[in-house]
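Below, each chain spelled out in residue letters.
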Amino acid sequence: PVGARTTVRAMAAEAASRVDEDIAKLVDGIKRLGEGNDDGSTTVTFGTVFNDEALQQELESLVGSLKAARKRGLLQFEGQMLLQGVSDQVVITLGAQPAA
(Lines give C-alpha, C1' and ligand atoms only; values in the text may rest on other atoms or scores of the structure.)
Protein backbone atom coordinates (compact mmCIF):
# COMPACT_ATOMS: atom_id res chain seq x y z
CA PRO A 1 0.00 0.00 0.00
CA VAL A 2 1.15 3.49 -0.89
CA GLY A 3 0.21 4.95 2.51
CA ALA A 4 2.37 2.43 4.35
CA ARG A 5 5.39 3.21 2.17
CA THR A 6 4.93 6.92 2.79
CA THR A 7 4.77 6.30 6.53
CA VAL A 8 7.93 4.19 6.43
CA ARG A 9 9.74 6.90 4.44
CA ALA A 10 8.62 9.55 6.92
CA MET A 11 9.81 7.45 9.85
CA ALA A 12 13.18 6.86 8.15
CA ALA A 13 13.58 10.58 7.46
CA GLU A 14 12.75 11.40 11.08
CA ALA A 15 15.30 8.85 12.34
CA ALA A 16 17.97 10.25 10.00
CA SER A 17 17.22 13.76 11.23
CA ARG A 18 17.58 12.58 14.85
CA VAL A 19 20.96 10.99 14.02
CA ASP A 20 22.09 14.26 12.38
CA GLU A 21 21.08 16.17 15.51
CA ASP A 22 22.88 13.73 17.81
CA ILE A 23 26.05 13.92 15.70
CA ALA A 24 25.94 17.73 15.86
CA LYS A 25 25.58 17.57 19.67
CA LEU A 26 28.45 15.09 19.86
CA VAL A 27 30.71 17.29 17.72
CA ASP A 28 29.89 20.31 19.91
CA GLY A 29 30.63 18.25 23.03
CA ILE A 30 33.99 17.05 21.69
CA LYS A 31 34.93 20.64 20.82
CA ARG A 32 33.97 21.73 24.34
CA LEU A 33 35.76 18.88 26.13
CA GLY A 34 38.74 18.26 23.89
CA GLU A 35 42.04 19.90 23.11
CA GLY A 36 42.58 21.76 19.87
CA ASN A 37 45.57 20.75 17.76
CA ASP A 38 47.72 22.78 15.37
CA ASP A 39 46.10 21.06 12.37
CA GLY A 40 42.63 22.23 13.43
CA SER A 41 41.56 18.84 14.76
CA THR A 42 40.35 18.23 18.31
CA THR A 43 41.24 15.23 20.46
CA VAL A 44 39.58 13.86 23.57
CA THR A 45 39.49 10.50 25.32
CA PHE A 46 36.42 8.28 25.24
CA GLY A 47 36.30 8.33 29.05
CA THR A 48 36.02 12.13 29.06
CA VAL A 49 33.20 12.04 26.52
CA PHE A 50 31.44 9.11 28.19
CA ASN A 51 31.51 10.72 31.63
CA ASP A 52 30.25 14.14 30.48
CA GLU A 53 26.86 14.66 32.08
CA ALA A 54 25.62 17.04 29.37
CA LEU A 55 26.29 14.51 26.61
CA GLN A 56 24.74 11.73 28.68
CA GLN A 57 21.55 13.77 28.92
CA GLU A 58 21.48 14.98 25.31
CA LEU A 59 22.39 11.89 23.30
CA GLU A 60 20.09 8.93 22.81
CA SER A 61 23.09 6.64 22.25
CA LEU A 62 26.64 7.89 22.71
CA VAL A 63 28.27 4.84 21.14
CA GLY A 64 25.78 4.87 18.26
CA SER A 65 26.47 8.56 17.66
CA LEU A 66 30.23 7.94 17.71
CA LYS A 67 29.90 5.13 15.18
CA ALA A 68 27.64 7.22 12.92
CA ALA A 69 30.03 10.19 13.07
CA ARG A 70 32.97 7.93 12.23
CA LYS A 71 31.05 6.38 9.33
CA ARG A 72 30.53 9.92 7.97
CA GLY A 73 34.24 10.65 8.24
CA LEU A 74 33.97 13.21 11.04
CA LEU A 75 35.75 11.20 13.74
CA GLN A 76 38.59 8.73 14.02
CA PHE A 77 39.24 6.25 16.83
CA GLU A 78 40.76 2.79 17.21
CA GLY A 79 38.57 -0.27 17.58
CA GLN A 80 35.11 -1.25 16.47
CA MET A 81 33.35 -0.82 19.82
CA LEU A 82 34.11 1.56 22.66
CA LEU A 83 33.20 0.34 26.14
CA GLN A 84 33.20 2.20 29.45
CA GLY A 85 36.26 1.35 31.51
CA VAL A 86 38.04 -0.75 28.87
CA SER A 87 38.13 2.06 26.29
CA ASP A 88 38.40 5.10 28.57
CA GLN A 89 41.89 6.03 27.28
CA VAL A 90 41.05 5.59 23.58
CA VAL A 91 41.64 8.89 21.80
CA ILE A 92 38.84 10.25 19.62
CA THR A 93 39.93 12.72 16.97
CA LEU A 94 37.51 15.19 15.44
CA GLY A 95 38.85 16.37 12.09
CA ALA A 96 39.27 20.07 11.38
CA GLN A 97 35.82 21.62 11.00
CA PRO A 98 35.00 24.33 8.48
CA ALA A 99 34.07 27.70 9.95
CA ALA A 100 30.33 28.06 10.42
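See the structure shown above.
Below: a short report on this structure. Because the structure is predicted, anything quoted here is derived from the model rather than measured.

Along the chain, the regular secondary structure elements total 4 helices and 4 strands. Put simply, the chain runs from its N terminus to its C terminus through helices and strands in the order α-β-β-α-α-α-β-β. The buried share of the chain, reckoned over its 100 residues, is 27%. Carbon and sulfur atoms make up 53% of the accessible area of the chain, which totals about 6,500 Å². Across the chain, 10 positive and 14 negative side-chain charges occur, with their mean positions spaced 12 Å apart.

This part is about the sheet that holds strand β1 (residues 35-36). The 4 strands lie next to each other as β1-β2-β4-β3, forming an open sheet whose pairing is antiparallel. The sheet is open, and its two borders are formed by β1 and β3 (75-76), each paired with just one other strand. Bridge count between β3 and strand β4 (residues 91-94): 2 bridges; the pairing is antiparallel. Across the sheet, the residue bridging to Leu75 is Leu94, located in β4.

Moving on, we come to helix α4 (residues 62-71). Those residues of α4 that sit buried are Leu62, Ser65, Leu66, Ala68 and Ala69. Down the axis of α4, the buried set is contained in an arc of 165 degrees. They therefore lie on one face. Two residues or fewer past α4, Gly73 is found with a positive phi of approximately 85 degrees.

By the definition in use, this model includes 1 aromatic pair. With a centroid separation of 5.5 Å and an interplanar angle of 45 degrees, the aromatic rings of Phe46 and Phe50 are classed as tilted. Residue Phe46 and its partner Phe50 are located together in helix α2 (residues 46-50), separated by 4 residues, close to a single helical turn. Given the relative accessible area of 0%, Phe46 is considered buried. Taking the relative accessible area as the measure of exposure, Phe50 reaches 24% and is therefore partly exposed. Directly above the ring of Phe77 sits Arg70, whose terminal nitrogen or CZ lies 4.0 Å from the centroid.

Analysis parameters
- Residues numbered from 1 in each chain as written.
- Predicted model: local features only at pLDDT ≥ 70, side-chain atom pairs only at ≥ 80, totals over all residues.
- Heavy atoms only, no water.
- Helix = DSSP H or I, 4+ residues; strand = E, 2+ residues; numbered from the N terminus.
- Buried < 20%, exposed > 50% of the residue type's maximum accessible area, 1.4 Å probe, protein only.
- Areas by Shrake-Rupley, 256 points an atom, 1.4 Å probe, with all protein chains shown as cover.
- Lys, Arg positive; Asp, Glu negative; His and termini not counted.
- Charge placed at Lys NZ, Arg CZ, Asp CG, Glu CD.
- Pairing = 2+ DSSP bridges.
- Arc of directions from axis to C-beta.
- Phe/Tyr/Trp six-rings, centres within 6.5 Å; stacked < 30°, edge-to-face > 60°.
- Lys NZ or Arg CZ within 6 Å of the ring centre and 35° of its normal.

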